[in-house]
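Here's the letter readout for the chains.
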Amino acid sequence: MADQTHVLFVEDDDVIREATQLALERDGFAVTAMPDGLSGLQAFRTDRPDIALLDVMVPGLDGVSLCRRIRDESTVPVIMLSARADSIDVVLGLEAGADDYVTKPFDGAVLVARIRAVLRRFGHASGADRVDESESAATGGVLAFGDLEVDTEGMEVRRDGQPVALTPTEMRLLLEFSSAPGTVLSRDKLLERVWDYGWGGDTRVVDVHVQRLRQKIGQDRIETVRGFGYKLKA
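In this text the structure is predicted, and so the values were computed from the model without any measurement.

**Topic: the sheet that holds strand S6 (residues 142-145)**
Thought 1: The four strands lie next to each other as S6-S7-S8-S9, forming an open sheet whose pairing is antiparallel. The strands lining the two open edges of the sheet, one partner per strand, are S6 and strand S9 (162-163).
Thought 2: Relative to the sheet, helix H6 (residues 168-179) contacts S6, strand S7 (148-151) and strand S8 (156-159), its axis offset from that of S7 by approximately 105°.

**Description of the packing of helix H2 (residues 37-47) against helix H3 (residues 63-73)**
Thought 1: Contact geometry of H2 with H3 gives a least axis separation of 10 Å together with a crossing angle of 20°. Compared by their axis directions, H2 and H3 come out roughly parallel. The interaxial crossing formed by H2 with H3 has right-handed handedness. Seen from H2, the contacting residues are Gly37, Gly40, Leu41, Phe44 and Arg45; seen from H3, they are Leu66, Arg69, Ile70 and Glu73.
Thought 2: Of the residues contributing to the contact of H2 with H3, the split by class is four nonpolar, two polar and three charged.

**Let's talk about the sheet that holds strand S2 (residues 30-34)**
Thought 1: Spatially, the five strands line up as an open sheet ordered S2-S1-S3-S4-S5, and their pairing is parallel. In this open sheet, the two edge strands, each paired with only one partner strand, are S2 and strand S5 (100-103). The average angle at which neighbouring strand axes cross in this sheet is 20°, direction not considered.
Thought 2: Here H2 sits on the sheet in contact with strand S1 (6-10) and S2, set at roughly 165° to S1.

**A word on the nonpolar core**
In summary, soluble globular proteins display a tendency toward joint burial of nonpolar side chains.
Thought 1: Counting 49 residues, the largest nonpolar core has Leu54, Met80 and Phe177 as the members making the most contacts within it.
Thought 2: With six residues, helix H8 (residues 204-217) is the largest single contributor of residues to this core.
Thought 3: Ignoring anything within four residues of it in the chain, the contact list for Leu54 reads Val10, Gly63, Leu66, Cys67, Ile70, Val78, Ile79, Met80 and Leu81.

**A short note on H6**
Thought 1: Given a rise of 1.5 Å per residue, 12 residues ought to cover 16 Å, and the 16 Å separating the end C-alpha atoms of H6 matches this to within 8%.
Thought 2: Within H6, 10 of the 12 residues are buried, which leaves it mostly tucked inside the rest of the structure.
Thought 3: Within the sequence span of H6, burial applies to Thr169, Glu170, Met171, Arg172, Leu173, Leu174, Leu175, Glu176, Phe177 and Ser178.

**Regarding the side chain of Arg17**
Thought 1: Relative to the helices and strands, Arg17 is located in helix H1 (residues 14-26).
Thought 2: Beyond its immediate chain neighbours, meaning those up to four positions away, Arg17 contacts Phe9, Glu11, Asp12, Ala33, Met34 and Pro35.

**Focus: the pairing of strand S11 (residues 229-232)**
Thought 1: Relative to S11, strand S10 (residues 222-225) runs antiparallel, the two being bridged by four bridges. Looking at S11, one finds that Val225 is bridged to Gly229.
Thought 2: Taking the residues between adjacent antiparallel strands as the criterion, S10 and S11 are bridged by three residues, where Gly227 takes a positive phi near 85°.

**With respect to the packing of H6 against H8**
Thought 1: It is at 10 Å that the axes of H6 and H8 come closest, and there the two elements cross at 85°. As judged from the angle between their axes, H6 and H8 are roughly perpendicular. Side by side, H6 and H8 meet where Thr169, Glu170, Leu173, Leu174 and Phe177 of the first sit next to His209, Val210, Arg212, Leu213, Lys216 and Ile217 of the second.

**Re the confidence of the model for the protein chain**
Thought 1: Averaged over every residue, the pLDDT of the protein chain is 87; the share at 70 or more is 89%.
Thought 2: Scored below 50 in pLDDT, residues 124-139 makes 30 contacts in the model with residues more than four places away or belonging to other chains.

**Looking at unusual backbone geometry**
Thought 1: With an omega of -5°, the peptide bond running from Lys104 to Pro105 counts as cis.
Thought 2: Here Pro105 is to be found in the loop between S5 and helix H5 (108-122).
Thought 3: Its identity as a non-glycine residue notwithstanding, Met155 has a phi of 55°, on the positive side.
Thought 4: For Met155, a relative accessible area of 38% gives the class partly exposed.
Thought 5: Phi is positive for Asp160, which is not a glycine, with a value near 55°.
Thought 6: When its relative accessible area of 58% is taken as the criterion, Asp160 is described as exposed.

Rules of the game
- Residues numbered from 1 in each chain as written.
- Predicted model: local features only at pLDDT ≥ 70, side-chain atom pairs only at ≥ 80, totals over all residues.
- Heavy atoms only, no water.
- Pairing = 2+ DSSP bridges.
- Helix = DSSP H or I, 4+ residues; strand = E, 2+ residues; numbered from the N terminus.
- Contact = heavy atoms within 4.5 Å.
- Axes fitted to C-alpha atoms, helices over the stretch in contact; angles between N-to-C directions.
- Parallel < 35°, antiparallel > 145°, perpendicular 65-115°, else oblique.
- Left-handed = near helix turned anticlockwise from the far one by under 90°.
- Nonpolar A, V, L, I, M, F, W, Y, C, P; charged D, E, K, R; others polar.
- Core = buried A, V, L, I, M, F, W, Y, C linked by side-chain atoms within 4.5 Å.
- Buried < 20%, exposed > 50% of the residue type's maximum accessible area, 1.4 Å probe, protein only.
- Expected span 1.5 Å × (residues − 1).
- pLDDT = per-residue confidence, 0-100.

Listed below in structure tokens is the structure:
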């Protein structure tokens, strides 16, 4: 059990919850499955899982609110599950602090692949999937961009000398930008490098995370290049 990655799964549909739990356990994960948001929050605080899978529409405390509560207490990775790819709930979940989302109905293999991709970014993995988190987009020293300092070894960020709290996904995104200041990075390239997508993904994930990053390091620090992507102002 000590070697297993612990997943908190919050889903109110009994069939989906039980089938997904069995599928994840067959892939080597330890799973705590809860039917509503309040029991999910209690399980999160008690068990301290490695990753949380949250359905958007659960009773008691909806998935977006639960994600927000988790993010207030922890930087543990969160994946939202949404029944509609075009739902505003997807964006709301990402704005609440989720790192990724999967659309329902989902293929079990796809869900596992997305979980493992997120865990690789966060330095968690199970068994053969365990990786060395020493790799990063930028290496060595403290990089300065105006009032912004990025310590690529200590994984710390300061603005005007004050520490800036970033989630691991936000930190990896900033590392990509700071490794190539002034260079335009496309959304697809950022999906590949930060989210570990080996396939096409929803670029809203990138847009919302850039928006969240701007709120923390300065709205004008990352520039939008229409039709191409984003770049960090040198």
